[in-house]
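Below are the chains, spelled out letter by letter.
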Amino acid sequence: MGNMLIDVFLQFFRKPATNKFPVKYTPKDVTGTMKLVQEGKVSIVPPVSVPENFRGKIAYDRDKCIGCGLCANVCPSKAIELYTPEGEKKKKIRIYVASCTFCSQCNDICPVNALSMSEEFLLADTDKFSKNLIVD
Amino acid sequence: MNDITSLLETSSWIVIWAILISIYGILFGLVLKGIDRKVAARMQTRIGPPLRQPFWDVKKLFLKENIVPKDAVPWVFNSAPVVALASSLLVLMYLPFAKETTFMDKYGDLVLILYLLIIPALSMVVGGFASGAPYSTVGAQREMVSMMSYELPLATIVISVGWILSNNGIVNAFALSSIVNNPIWDHVGIVGAGGLIILLFSLMAVTPGELSKIPFDAPEAETELGGGILAEYSGRNLAMFYIADGVKTLVLSSLAVAIFFPYGISNFIGITGDIGRIADIIFFLVKIEIFMFVSVSMVRVAFARLKINQISSLYWVKLGFVSLVGLTLILIDGGF
């Protein structure tokens, strides 16, 4: 009980883990603020840097991939589709990030390390199949 | 004739005083709430809202629709927030401001304050029952239980203070002017000081209970009762409860500072006259902040909510016993 109080008190002097993202105070008009940002009148406070081993959007190295399909097999949410591109012999994969649970099992099982977890996490979109949410 | 003139003079003074103290209480209460939110956020390594956030919240709440539930008793439901705010401000009128005791001092003392402190909590109970909703009713029942629980330690503190002062031959031992001008620490030996430290600890434990703050916020319990007593309140009524909460924080901190830390800073750093008075007042506000930081903000960040039976047994059995031990130490010290 006492430890908790001491911890909390010490934490008071530590640098906050959060920051004022995206601008210093909540703007009254978001689109207006975004315009100002594009004109360079307002600067955006960058998001807090992600922690080590952060599991963001999957990055796919297409040239390394040998098309073994292990990732598609192991994927628990069936977010990885295996297909043969036209005019190519080897199979390739397509990842639907909208279904991805960021479990990182495909990364672990890949025999040639063609997959890796990037630090990108701003993935909100209105369309599940938008270009931003499909990795191939 | 003379009596009537003086009565009129006093009553007009009371009105002016009430207005002034309301402005001070409401504004500084909201500032206290802002500071509380800011420091609590910093202790959770967040940045937290700006200091003026409570003012924005109140402004927003006053603009919102004031909904009265179908099953509520409207006049009780609507008057409960007014009573809560008015009674908290009333207690503030009796409390000394730094060393400046007011003319209200001759109309009431610490015992009166002990009873007046019940009214804001009681009006919340009444408002909860008048909401006619299950969550509010459960919240009101819990508030009643916790209200009854923290009475014993609080009464013990008041009795101890009165006993120390009257044992040292001070007339009107319960009056706040005597308490502020005769710091209790000057009238006790080492054993008695130990007793006073114990009593200070129990006052610090009673404060979050009186304010329904974590870990004693079972009556409100956002996660299980969805706000409990306040569940059905919205708009203007909720804003008044919100302001009353800030005023109550101010009242309890002022009370604790008046009883346990009435020392000024002007003698210490050697300034006299009006500047010394102003320095004392600023120091008084700083003391209020510090007391609130230790007994409300830090506790509410560090601990989780207790169940209502735990609150009750903690206050009645454990804290009641501890403060009686403190009282006994003071009695031994005073040669009872």
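All of these numbers come straight from a predicted model, not from anything done at the bench. The numbers attached to residues start from 1 for each chain and follow its sequence in the written order. To read the labels, note that chains go from A and ligands from 1, taken in the order they are written. In view of the model being predicted, local features appear only for residues whose pLDDT reaches at least 70, and side-chain atom pairs are presented and counted only at 80 or more, with totals across whole chains, interfaces and linings using the full set of residues. Hydrogens and water are ignored here; the side-chain numbers use all heavy atoms of the structure.

Participant: In this structure, what is going on with the overall build of chain B? I would like to understand it.
Facilitator: Secondary structure is summarised from DSSP: a helix means a run of H or I of at least four residues, a strand means a run of E of at least two, and numbering begins at the N terminus for each. If you tally the helices and strands in chain B, you get 14 helices and zero strands. Each helix and strand of chain B, ordered N terminal to C terminal, gives the series α-α-α-α-α-α-α-α-α-α-α-α-α-α. Principal-axis analysis of the C-alpha atoms places the extent of chain B at approximately 60 × 55 × 45 Å. Counting the 336 residues in chain B, one finds 52% classified as buried. Taking the contacts inside chain B whose residues are at least 6 apart along the sequence as the reference set, 79% of them involve residues at least 24 apart. Using a 1.4 Å probe, the Shrake-Rupley method yields the accessible areas, and only the shown protein chains count as cover for residues. Per element, the accessible surface of chain B, about 15,000 Å² overall, is 69% carbon and sulfur. Lys and Arg are tallied as positive, Asp and Glu as negative. Neither His nor the chain termini are counted. Here the site of a charge means NZ on Lys, CZ on Arg, CG on Asp, or CD on Glu. Measuring between centres, the 22 positive side-chain charges of chain B sit 10 Å from its 23 negative side-chain charges. In this scheme, a residue with accessible area under 20% of its type's maximum is buried, one over 50% is exposed, and one in between is partly exposed, where area comes from a 1.4 Å probe on protein chains only. Residue contacts are defined here by distance: any two heavy atoms, one from each residue, within 4.5 Å place the two residues in contact.

Participant: For this particular structure, what's the right way to read the interface of chain A and chain B?
Facilitator: You'll often see interface size given as the accessible area lost when the parts meet. Of the residues lining the interface, 14 residues belong to chain A; the matching set on chain B comes to 12 residues. A 1.4 Å probe defines the accessible area here, and the buried area is the portion of it lost by two parts on being joined, summed over both. Here chain A packs against chain B, burying approximately 1,400 Å² in sum over the two surfaces, 75% of which is carbon and sulfur. The three residues of chain A that bury the most area against chain B are Leu5(A), Val8(A) and Phe12(A), which together make up 38% of that side's buried surface. Any residue that is not Ala, Val, Leu, Ile, Met, Phe, Trp, Tyr, Cys, Pro, Asp, Glu, Lys or Arg is counted as polar, Gly included; the first ten are nonpolar and the last four charged. Its residues assigned to classes, the side of chain A that touches chain B comprises nine nonpolar, three polar and two charged.

Participant: Help me understand the sheet that holds strand β2 (residues 80-83) of chain A in this model?
Facilitator: One key point about sheets: their strands pair by backbone hydrogen bonds, in either a parallel or an antiparallel sense. Residue and element names in this part refer to chain A. Strand order in this open sheet of three strands is β2-β3-β5, and the pairing throughout is antiparallel. In this open sheet, the two edge strands, each paired with only one partner strand, are β2 and β5 (134-135). One bridge is not enough; two strands pair if DSSP finds at least two bridges between them. Note that β2 and strand β3 (residues 92-96) share four bridges and pair antiparallel. Directly across from Leu82, in β3, lies its bridge partner Ile93.

Participant: I'm lost on the pattern of salt bridges in this one. Help?
Facilitator: Pairs can form between side chains of opposite charge whenever their charged atoms are close. Any Lys or Arg side-chain nitrogen found within 4 Å of a carboxyl oxygen on Asp or Glu counts as a salt bridge. Within the structure shown, the criterion is met by 10 salt bridges over all chains. Taking the shortest distance from any N to any O, the salt bridge between Arg94(A) and Asp136(A) comes out at 3.3 Å. One end of the pair, Arg94(A), is in strand β3; the other, Asp136(A), is in the segment after β5, with 42 residues separating them in the sequence. We classify Asp136(A) as partly exposed; its relative accessible area is 43%. Here Arg305(B) and Asp217(B) are joined by a salt bridge, their closest N and O atoms 2.9 Å apart.

Participant: I keep staring at unusual backbone geometry and nothing clicks. Help me out?
Facilitator: When glycine is set aside, most residues are seen to have a negative phi, and most peptide bonds are trans. In this model, Ile214(B) is joined to Pro215(B) through a cis peptide bond whose omega is 5°. Among the secondary structure elements, Pro215(B) is positioned in the loop between α9 (190-210) and α10 (222-225). One non-glycine residue, Lys78(A), lies in positive phi territory at about 50°. Relative to the elements of secondary structure, Lys78(A) occurs in the loop between α3 (70-74) and β2. We classify Lys78(A) as exposed; its relative accessible area is 70%.

Participant: Even after reading the chapter, I still don't get the environment of Ala173(B), so can you show me in this structure?
Facilitator: Residue and element names in this part refer to chain B. Structurally, Ala173 can be placed in the loop between α7 (151-167) and α8 (176-181). By relative accessible area, Ala173 is classed as buried at 10%. Residues Ala173 and Arg300 lie 127 residues apart in sequence; the distance between their C-alpha atoms is 34 Å. Not counting residues within four places of it along the chain, the set of residues in contact with Ala173 comprises Gly162, Leu165, Ser166, Ser178 and Ile179.

Participant: Mind showing me how you'd approach the layout of surface pockets here?
Facilitator: Residue and element names in this part refer to chain B. Cavity and pocket criteria rest on a 1 Å grid covering protein atoms alone: a 1.4 Å probe that fits but cannot get out defines a cavity, protein on both sides within 12 Å along at least 5 of 7 lines defines an open pocket, and an atom within 4 Å of a point defines a lining residue. Grid points are joined across faces, edges and corners, and a volume is the space filled by probe spheres set on the points. Of the voids in this model, the largest pocket is the one considered here, and its volume is about 700 Å³. What lines the largest pocket is a set of 26 residues, among which Lys33, Lys213, Glu220, Glu222 and Asp245 lie closest to the centre. If you list the elements that add at least two residues to the lining of the largest pocket, you get α1 (2-43), α2 (53-63), α5 (118-130), α10 and α11 (235-260). Broken down by element, the residue count for the lining of the largest pocket peaks at six residues, all from α11.

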